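# Architecture and fold: a report
Given next are the chains, with one letter for each unit.
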Amino acid sequence: MYWCEKCKHFLHDDKCSKCGQEATWITPVSNIIETIKVDKLFSRYSFELTFDSAESVSIMIAPNGYGKTTLFHFVRFLLDPSYESYLDILGVPFRRIVCIMKDGSEYGVAQGKCKPEDTSVEVQEILSSKDTHLLYWHKENNVVHKWSLDKILKDNLSLYKKELDIYRDELPNNCSDSVFILDELFSALNQKASKLSVKFIPADRLFASEERQKSIYSDLNLNNMNETISKQILQVKRKYELEYINKVNRYIYELAIKNRSKEYYDYYYDETTEEWIEIKDKLQEIWKEYSEKVNNYKKQNILTEYYKSLPYDGVLLDENMFEKIESDCSNIVLTEIVEILTCILDAMKPIDEFFERLDLLLKIINERLEVTEKVIILNNEGKLVVNTKGSRKSLPLSVLSSGEKNDLFLFYDLIFATEKTDIVLIDEPEISWHIEWQMTFIEKIQQIWKRNHFQTIIATHSPSIINGNIDLIAERVDKYYE
Amino acid sequence: MSSHTQEEIVNLVISELCQRKDYARTVNHNACNSENDSKEEKVLFVEGKTDTDFWKRILNDNTIHIHAVNPFVASVCSILNMKNENNKATVIEVCNAINTPEKSSLKRNKYFQTWIINGVIDRDFDDGGYDAVGYIHVTDTHDLETLMIYSDSDIFKRLKTAKEYNITIADEKIELAKRLSLQMGWIRKACNRLQNKEERMWLYLSQRKGKQSGLDYGLLNDHGNFDILTYLRQLNSLLQYRDQKNDESLVRIKTHLMSTAILKDKILSDGKWKNDYSKVDEFEKWKVINGHDFSRFLKSIVPRAEKAYGTDRSANNALEIDLIQTYDTSKIYGTNLYCSMQKNNFVKSR
């Protein structure tokens, strides 16, 4: 799939038919939702939603009370079953909800007495007309796996309770018996049923997190947003400094000692060979990349606290040391150094990725904060702070307005918490936003999408969020199943 | 002013339409209690709220979604700090964007393939040019209000609220209001032709209605004529031009206006009308008269009507809404507007 940067559109060809510019190749999301079939949601609404499989973003519109948020809960439950997502659908009247994926696979849940029509799963044979059951199924390659959730819960609950009496002391204090059991059950179901992960960002994202200390929806704790972010930064710094800087120093140091051996030196040293010249060039090249990166980390205050406590007097591999090694060491030692530096650079990738994400977050947020002349920066202590024009003192993130917090919260989740996510569901992103921010939201999502490939479904009431992207609106066909 | 473009406004209007249409479709779906088999979804785009009320009466068809660009455009422009001068342009551009997507940046998926979108606009002082665009329909006369008054000649005799308040609007009062608004219409038209930006500002101000401009329609009634000099003086005081320079500017604008082809043979050098308007063809008159001006003049010369409807802008709308409710819908059959819409199957055959 190709992407035209100018027209912000997916293409089948490598050249855009509208603007004529060359399009860039984008690896498509492996599996996305193509259709959602809804039967008697709230005992009332039946419809089919079709999403354009060529697009990374889809928009869902419907009147209030039509079930957009509830549908998100169902999608999360179907594709990523968990105790939390089970709680969200518990008690909602419905007959059947089915997610049909791009690869033809199908996830469904049915309740009560159902007719087999409009689904390939013969629900009737499983469900008794007398009892209300919750049936979950996954169909892949024409093979249907079914789980009668009511039965599983009932059977396993009694079984687990017996075991629990034996292992009660080992249970976490804050975990009630039933929650523990259900959590276990659903994680088992998750492993068996679905290979997808779903991230749901609810409309009440700010309130939810404040009430629950740590939001069940987000990795971010809004009350301690700064602590959460700086903790992550600290973790990355420690990981880098302890694991990689230490390794570099140790290897270089050892090699330098080894190289002092006269016998070793005489045996391997031959600067006339082509091999020698080649390895020197390679070393120069990789050294340049490495030193640029380390200097960059120094600028970003990543190398501040821990490297001083490293062995060998906290000496970092610097220019002087490199020149000495380069001139003194034999070709075989230099080859080893190239290999080490290559490994180190590979190992640095997660750190680079973290800071690339942070840069993207700050770029997006700061662009939007320009209007009030605020800038969010990472300070020397590794914390995000707000600088305002005319004030020398940096302020904590808590001074941000609800709209700004909402912005930071949402984009943080989209950039950091969707690394391994397949589908992101965003409910009413427009909350507390000025129309200008709403109008650029889809553009920003597409910008993030180029890093973290995921399908995004947005439920909105705002024309400014749609902003002319009517091709992204999911097609809803109302049905009547009887 | 901000850097936002008309194209962005069009995008927002279309997005709003999607939301509203989806809502209306849900309501219809619930009401019908059956699957909607209709393959085509018709949307009629109009300029303002009163146009919506008019077309609801005329079409009487809930499968056609009638959508007004205002007040949504006005509120969006206000938030985005944009000037909102022309709802008509928005109607045209929205219809163009949806009917000729290849010429716009708007992308459509199959959900919108079944949309048939037509627009109805006021003729104003345009010389036409919309006939070639099949999906844009233009009023025969200056606007929808004048089309109602022109096509349904007895409308004031049946005016609903007027009857309730026992108000009689005599023919001579209607004639007087017609003459005043015709004269004002000619001035508006002449202003429209002025090239100078500063002078066109007068037009901009003169287009403001009701309390927004503070223009006193009653004072303009001078011996049964609309007095261009009083009009200009009023506009001048509204602009709060007090210094000598702007008095000069007032004189210059007056001279420019009176020398335009439209007014040259209608006004004497002292600014008085030649009173030969009666030779003008009836239909041509209604192409110049602005319906809002007409209803305001009418109210100012029929005191009981002013008392019944009030004097502010919403009161003016109230009279226009009454006109819509009173209008004999069969009278529209003979208009070009109806024929044009009939060709596109937007109105039923007679």
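That block above? That's the structure.
Let me sum up the structure you'll find in this document. (Residues numbered from 1 in each chain as written. Chains lettered and ligands numbered in written order. Predicted model: local features only at pLDDT ≥ 70, side-chain atom pairs only at ≥ 80, totals over all residues. Heavy atoms only, no water.)

### Observations concerning the nonpolar core
By size, the foremost hydrophobic cluster in this structure holds 93 residues, and its most contacted members are I376(A), L414(A), F441(A) and F45(B). With 19 residues, helix α10 (residues 331-369) of chain A is the single largest residue contributor to this core. Apart from residues no more than four positions distant in its own chain, I376(A) is found in contact with L362(A), I365(A), N366(A), L369(A), L384(A), V385(A), V386(A), L397(A), L400(A) and L408(A). (Core = buried A, V, L, I, M, F, W, Y, C linked by side-chain atoms within 4.5 Å. Buried < 20%, exposed > 50% of the residue type's maximum accessible area, 1.4 Å probe, protein only. Helix = DSSP H or I, 4+ residues; strand = E, 2+ residues; numbered from the N terminus. Contact = heavy atoms within 4.5 Å.)

### Some thoughts on unusual backbone geometry
Residue and element names in this part refer to chain B. Cis geometry is found at the peptide bond from N70 to P71, where omega equals 10 degrees. Tracing the backbone through its elements, the reader meets P71 in the loop between β2 (64-68) and α3 (72-79). Even without being glycine, N60 reaches a positive phi, approximately 45 degrees. Tracing the backbone through its elements, the reader meets N60 in the loop between α2 (49-59) and β2. If you check the backbone angles, N345 has positive phi at about 60 degrees while not being a glycine. Here N345 lies in the segment after α16 (336-343). We classify N345 as exposed; its relative accessible area is 54%.

### Considering the packing of helix α11 (residues 402-416) of chain A against helix α13 (residues 441-449) of chain A
Residue and element names in this part refer to chain A. Close contact between α11 and α13 brings their axes to 10 Å; oriented N to C, the two are set at 25 degrees. When the axes of α11 and α13 are compared, the pair comes out roughly parallel. Where α11 crosses over α13, the handedness of that crossing is right-handed. Two secondary-structure elements touch here, α11 through L410, F411, L414 and I415 and α13 through F441, K444, I445 and I448. Residues of the contact of α11 with α13, tallied by class, amount to 7 nonpolar, no polar and 1 charged. (Axes fitted to C-alpha atoms, helices over the stretch in contact; angles between N-to-C directions. Parallel < 35°, antiparallel > 145°, perpendicular 65-115°, else oblique. Left-handed = near helix turned anticlockwise from the far one by under 90°. Nonpolar A, V, L, I, M, F, W, Y, C, P; charged D, E, K, R; others polar.)

### Re the pairing of strand β9 (residues 134-140) of chain A
All names here are of chain A. By the criterion of burial, β9 is predominantly enclosed, with 6 of the 7 residues buried. Two elements, strand β8 (residues 106-111) and β9, share 6 bridges in a ladder whose sense is antiparallel. Bridge pairing links A110 to L135 in β9. Alignment of β9 against strand β10 (residues 143-148), held across 6 bridges, turns out to be antiparallel. Looking across to β10, one finds that E140 is bridged to V143. (Pairing = 2+ DSSP bridges.)

### A short note on the interface of chain A and chain B
If you look at the interface, chain A gives 31 residues, while chain B gives 32 residues. Across the chain A to chain B interface the summed buried area is about 2,700 Å²; carbon plus sulfur atoms make up 58%. Scanning the region where chain A abuts chain B turns up 2 salt bridges. Put simply, R476(A) and D22(B) hold a salt bridge, and the shortest N to O gap is 3.0 Å. Joining chain A to chain B, the criterion identifies 9 residue pairs in polar contact (both at pLDDT 80 or more). (Buried area = accessible area lost by both parts, 1.4 Å probe. Salt bridge = Lys/Arg side-chain N within 4 Å of Asp/Glu carboxyl O. Polar contact = N/O pair within 3.5 Å; in protein donor to acceptor, adjacent residues only side chain to side chain.)

### Considering the sheet that holds strand β3 (residues 115-121) of chain B
Strand pairing within a sheet occurs via backbone hydrogen bonds; the two strands may be parallel or antiparallel. Residues and elements named next belong to chain B. Read across the sheet, 4 strands follow the order β2-β1-β3-β4 without closing on themselves; strand pairing throughout is parallel. Strand pairing shows two members of the sheet lacking a second neighbour, β2 and β4 (136-138), which therefore form its edges. Within this sheet the neighbouring strands show an average axis-to-axis angle of 25 degrees, counted without direction. Pairing between strand β1 (residues 41-46) and β3: 5 bridges, direction parallel. The partner of E41 across the bridge, within β3, is W115. Taken strand by strand, α2 contacts β1, β2 and β3, and its axis lies near 165 degrees from that of β2.

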